[in-house]
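# Understanding the architecture of this molecule
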Amino acid sequence: MSSIDRIEVQRGAGSTLYGSGAIGGVVNVITAKPEQGVQTKLRVMGGSNDLEQYAITNEGSKKDWYWRVGVQKDIIGSYKDGHGVRIPQHGNSHTASFMVGNTINDKNDVKIAYDTYRGDVMYSDHLGALNHIRYGNEANDSLRAIWNNKISNRWSHQLYLMNNHYKTTYDGYLTDVKTRGIGDQITYKAKDHTVVGGFDWRQDKVVNMGGVKLTNASYFIQDEWKFAPKWTVTPGIRVDHHSAFGTHTSPSISLGYDVNEKTNVYAAYKEYFLAPTPYQLFDGFNGNRNLKPETGHEFDLGVHHKFGKTWNSNLSFFSRSTKDKIGWVMTDPANFTGQYRNFDTEKARGINADVRKQLTNHLSARLGYTYTHIDATPTRKANRDGYVPKHAVNAGL
């Protein structure tokens, strides 16, 4: 967390720019560029549930070069649920990361980042018999390269390349997926328009299923148009072509109005497409190769208000309808085994409210509340059999 510059939250379906995984919203974590000089940070932390964390990071910037390298170890133990029942679990993991970048000139910046994770886990996977223990290990390696280029005062773009390898073993069963991708996002800024367009191409190779490949190519564009002093409209469209599920078009539009310098209200409508993951399709215990993709739409209505220089708040309402919702279904209660399946159309609605206080230049406090109601279906009770909380309160620094 110490390497994070800021976190931007976009509520509602963000499928136009960010793809099918952005149904409920987008959390954009902006990593801070290391400051001039060299510094080393050491962190030791403990907490409830036998939590232990140890981390060391070295970062710095000299002339046009900057870097960050770190390692972290995490340990966590069993916990008690809301009824006071002890839930057995244990996790022991370590993470290492490395990033190096170069500011070539005032128009070009390139960086390469590598992250690796290894973890051993133990947990109970049976709600009726907590002594039903599963063991496993997880590994994830991620390599990314990013080029930021300012073409002119109006034109800029960001090109990325990525290569991931995700591998898990639970009770002797292997899931092994390799992912590679490339994408470019181009931005054009005029007096009253900010146009963003580009493409994403990704391919998953399921090694443990004989090298089955799933490919998705996406093309997108949106225009943020300030057509009047207080009004902004943002239409957009995204086209996904999936090797297994065909072509899907997802339009979107939002309308914003600045009531005054402190208050903004908005309304938005967006459609989305979400293909099943390789795990949902091919996992040996839970996979289902007959899954269909999720499709749906969402409507959002909200207001942003600033109480002062350091206080701001958000209040929003959402209504979402999803066709062929993917979820896990228990097929054998005695052994707690199941399979991913498509459900009926799922309808959800809710309210988000939060208030944030900027305490210092690097520290803020946040208090939020979320109400969520998901309608019951012929195969599930309300709120997905109660697994999704109806009321949630969260606070953070």
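Preceding this paragraph is the structure being described.
Residues numbered from 1 in each chain as written. Predicted model: local features only at pLDDT ≥ 70, side-chain atom pairs only at ≥ 80, totals over all residues. Heavy atoms only, no water.

### Some words on the overall build of the protein
Under the convention used in this document: For helices the rule is a DSSP run of H or I covering at least 4 residues; for strands it is a run of E covering at least 2, with both sets numbered from the N terminus onward. Burial classes follow relative accessibility: with a 1.4 Å probe on protein chains only, a residue under 20% of its type's maximum area counts as buried, one over 50% as exposed, and anything between as partly exposed. Only the protein chains shown count as cover for residues, and the accessible areas themselves come from Shrake-Rupley with a 1.4 Å probe.
When its secondary structure is counted, the protein shows three helices and 24 strands. Relative to its full complement of 397 residues, the protein shows a buried share of 35%. Accessible surface for the protein amounts to roughly 22900 Å². Of this, 56% is attributable to carbon and sulfur atoms.

### Quick word on unusual backbone geometry
Residues other than glycine seldom take positive phi values, yet Asn 49 does so here, at roughly 60 degrees. Relative to the assigned elements, Asn 49 resides in the loop between β3 (37-47) and β4 (51-62). With a relative accessible area of 34%, Asn 49 lands in the partly exposed category. The phi angle at Asp 324 is positive, at roughly 60 degrees, despite the residue not being glycine. One can find Asp 324 in the loop between β19 (311-323) and β20 (326-332).

### Considerations on the pairing of strand β14 (residues 212-228)
How we decide: When DSSP finds at least two bridges between two strands, those strands are taken to pair.
Here 14 bridges tie strand β13 (residues 193-206) to β14, and the two strands are oriented antiparallel to one another. Pairing of Asp 204 across the sheet is with Leu 214, part of β14. Counted along the chain from β13 to the antiparallel partner β14, the turn is five residues long, and its residue Gly 210 has a positive phi close to 75 degrees. Taking the residues between adjacent antiparallel strands as the criterion, β14 and strand β15 (residues 231-242) are bridged by two residues.

### Concerning the side chain of Ser 252
We apply this condition: Contacts: residue pairs with any heavy atoms within 4.5 Å of one another.
With respect to the helices and strands, the residue Ser 252 is situated in strand β16 (residues 246-258). In this structure Ser 252 comes out as buried when scored by relative accessible area, which is 9%. Leaving out residues up to four positions away in the same chain, Ser 252 has contacts with Thr 16, Thr 234, Pro 235, Gly 236, Tyr 269 and Lys 270.

### Overview of the pattern of salt bridges
Our working rule: Any Lys or Arg side-chain nitrogen located within 4 Å of an Asp or Glu carboxyl oxygen qualifies as a salt bridge.
If you walk through the whole model with that rule in mind, you get twelve salt bridges. Salt bridges sharing partners connect three or more residues here, namely Lys 41, Glu 59 and Arg 68.

### Topic: a positive patch on the surface
Basically, it comes down to this: Only residues above 30% relative accessible area that lack a salt bridge enter a patch, with like-charged residues linked at up to 9 Å and the nonpolar side chains Val, Leu, Ile, Met, Phe, Trp and Tyr linked at up to 5 Å. In this tally Asp and Glu are treated as negative and Lys and Arg as positive; neither His nor the chain ends contributes. Where a charge sits is defined by one atom per residue type, namely NZ (Lys), CZ (Arg), CG (Asp) or CD (Glu).
A cluster of basic residues, Lys 167, Lys 178, Arg 180, Lys 205 and Lys 213, forms a positive patch on the protein surface. Here Lys 205 is to be found in strand β13.

### Some words on the packing of aromatic side chains
Formally: Aromatic pairing here means that ring centres of Phe, Tyr or Trp (its six-membered ring) are within 6.5 Å. Orientation follows from the plane angle: under 30 degrees is stacked, over 60 is edge-to-face, and everything else is tilted.
Summed over all chains, the structure comprises six aromatic pairs. Between Trp 231 and Tyr 257, the ring centres sit 4.6 Å apart and the planes meet at 40 degrees, which makes this aromatic pair tilted. Placement of Trp 231 in strand β15 and of Tyr 257 in strand β16 is noted, with a sequence separation of 26 residues between them. By relative accessible area, which is 33% here, Trp 231 ends up partly exposed. When the ring of Tyr 279 is compared with that of Tyr 340, the centres are 6.1 Å apart and the planes differ by 75 degrees; the resulting orientation is edge-to-face. In this pair, Tyr 279 sits in helix α2 (residues 278-282) while Tyr 340 sits in strand β21 (residues 337-342), placing the two residues 61 residues apart along the sequence. What makes Tyr 279 partly exposed here is its relative accessible area of 29%.

### Section: the environment of Arg 68
Counted only if it meets this: Whenever two N or O atoms come within 3.5 Å, that pair is a polar contact, provided that in protein one can donate a hydrogen and the other can accept it, and provided that, for residues adjacent in sequence, both atoms are side-chain atoms.
With respect to the element layout, Arg 68 can be found in strand β5 (residues 65-76). Overall, the relative accessible area of 10% leaves Arg 68 in the buried class. For the pair formed by Arg 68 and Gln 39, sequence separation is 29 residues and the distance between their alpha carbons is 9.8 Å. Here Glu 59 takes part through its side chain, which lies 2.8 Å from a polar atom of the side chain of Arg 68.

### A closer look at the pairing of β15
With nine bridges joining them, β14 and β15 adopt antiparallel strand pairing. Directly across from Asn 216, in β15, lies its bridge partner His 242. Both β15 and β16 contribute to a ladder of twelve bridges, which runs antiparallel. Across the sheet, residue Asp 240 finds its bridge partner in β16, namely His 248.

### What to know about a nonpolar patch on the surface
Taken together, Ile 253, Tyr 269, Phe 299, Leu 301, Leu 315, Phe 317 and Ile 351 make up a surface patch of nonpolar side chains, about 580 Å² in accessible area. Among the elements of the structure, β18 (294-306) and β19 are those that each provide at least two residues to the nonpolar patch.

### A word on the environment of Leu 17
As for its position among the elements, Leu 17 is in helix α1 (residues 15-18). By relative accessible area, which is 14% here, Leu 17 ends up buried. In this structure, the C-alpha to C-alpha distance between Leu 17 and Tyr 219, residues 202 residues apart in sequence, is 9.0 Å. Excluding residues within four positions of it along the chain, Leu 17 makes contact with Val 196, Asp 200, Phe 220, Gln 222 and Arg 238.

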